[in-house]
Amino acid sequence: MSPEPVGPLGIARRHTADPLFRLVAYALEAAHDRPPATVWSAPHAFHLGSPRLVAAAGWPVAAAAAPRDDGIVRLSSLAHPAHSCELPLTGPPLPHPEWAARIYALLRALARAGYGRGGLDLHIHSTLTAATGLSSAEPLECAVALAVADLHAGRAGARLPRGRLAALARAAVPEGDEVLREAVLFARPGQALMLGRGIRRRVRFDPDAHGSRLTLLVTRGDEPAPDEIERAVACARRAGATAAWWPGRRPERSAMVLLPRERLTDVRTAVTEEFRDRGLRVPRLVNITVAGAARREE
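Everything in this summary refers to the structure shown in the same document. (Residues numbered from 1 in each chain as written. Predicted model: local features only at pLDDT ≥ 70, side-chain atom pairs only at ≥ 80, totals over all residues. Heavy atoms only, no water.)

Considerations on the packing of aromatic side chains
Cut-off, in case you're wondering: Only the six-membered ring of Trp is used, alongside the rings of Phe and Tyr, when aromatic pairs are assigned; centres must lie within 6.5 Å, and planes under 30 degrees apart are stacked while those over 60 apart are edge-to-face, with the rest tilted. Helix and strand labels come from DSSP, where a helix needs a run of H or I of at least four residues and a strand needs a run of E of at least two; each type is numbered from the N terminus. Classification of residues uses two cut-offs on accessible area relative to the type maximum, computed with a 1.4 Å probe and protein chains only: under 20% is buried, over 50% is exposed, and between them is partly exposed.
Under the definition given, this model contains one aromatic pair. Pairing Phe205 with Trp245 gives two aromatic rings, centres 6.5 Å apart and planes at 65°, and the pair type is edge-to-face. A residue pair is termed long-range when its members are at least 10 positions apart, and Phe205 in the loop between strand 7 (199–204) and strand 8 (212–218) and Trp245 in strand 9 (residues 243–245) qualify at 40 residues. Here the two residues Phe205 and Trp245 agree in accessibility, since each one is buried.

What about helix 2 (residues 101–112)?
Keep this limit in mind: Any helix carries an expected span of 1.5 Å times its number of residues minus one.
Taking 1.5 Å of rise per residue, 12 residues should cover 16 Å, and helix 2 covers 17 Å from first to last C-alpha, within 8% of that figure. By the burial criterion, the buried members of helix 2 are Ile103, Tyr104, Leu106, Leu107, Arg108, Ala109, Leu110 and Ala111. Directly beyond the C-terminal end of helix 2, a positive phi value near 100° is found at Gly114.

Looking at the environment of Ile229
Basically, it comes down to this: Any pair of residues with heavy atoms lying within 4.5 Å of one another is described as a contacting pair.
Relative to the helices and strands, Ile229 is located in helix 6 (residues 228–238). Since its relative accessible area comes to 2%, Ile229 is described here as buried. Between the C-alpha atoms of Ile229 and Leu75, which are 154 residues apart in sequence, the distance is 35 Å. Ignoring any residue separated from it by four or fewer positions in sequence, one finds Ile229 in contact with Leu217, Thr219, Trp246, Glu252, Arg253, Ser254 and Ala255.

Any functional reading would require information that these geometric values do not contain.
Put into structure tokens, the structure is as follows:
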């Protein structure tokens, strides 16, 4: 049941591999005592002030997987080290931890469609936490689905199209954001996707090429006051930000802010002083690059 490691020495020990890939590959070995047969990353995605306009961020998630032949999935995550689980892909679903719910639903839907029915060992990791306000659910679903499809292609010789993967994810997890999934699966660096009526149109969106910095403004603390993110955005706009919008469907605890390079220091200083003067925790400013779609580590 153990496949050959990815690459001549396996990703976990390949010094030229991306550190995220090495980390998740090693974590799979540590959790399940076997090397991965495939490792995928998928970018977080965000809206650009419109429900149908989206782009991908250069902060990925990763999924490492190895096939099984007993119809069982063993799930583990670096974010939930004490809550790994072993679950059947067919028959009645078993109780499972909340963090695994959407992935388990997707894996069962893929198995019903004939992909990954034999089971797999799977380890996932996100480079961003929920506190940033960017959803990790959609990129994790896409990375997992692509890993399962890759394992299936290795055994059956047919690769599952990404459009079909998106449709399966939409049916399995209808509460997910299908527009964000489109960005995760089909984005290109320096471009946004305009979606509507079955059409996927690419729009140039490359702030760095135009002397600007795309930044995620994130409030701190477990339960920030409801108006903190609005206060931070207003302060950033007064200090020189040229645009700001919510990265998700509604205001939560972060905002995307477009900053001219010459105003970066001014905005950081203004936001810091505004919050310190009020005795509040100073929001974080996280740099965002406009990234490409999910990919496999070769």
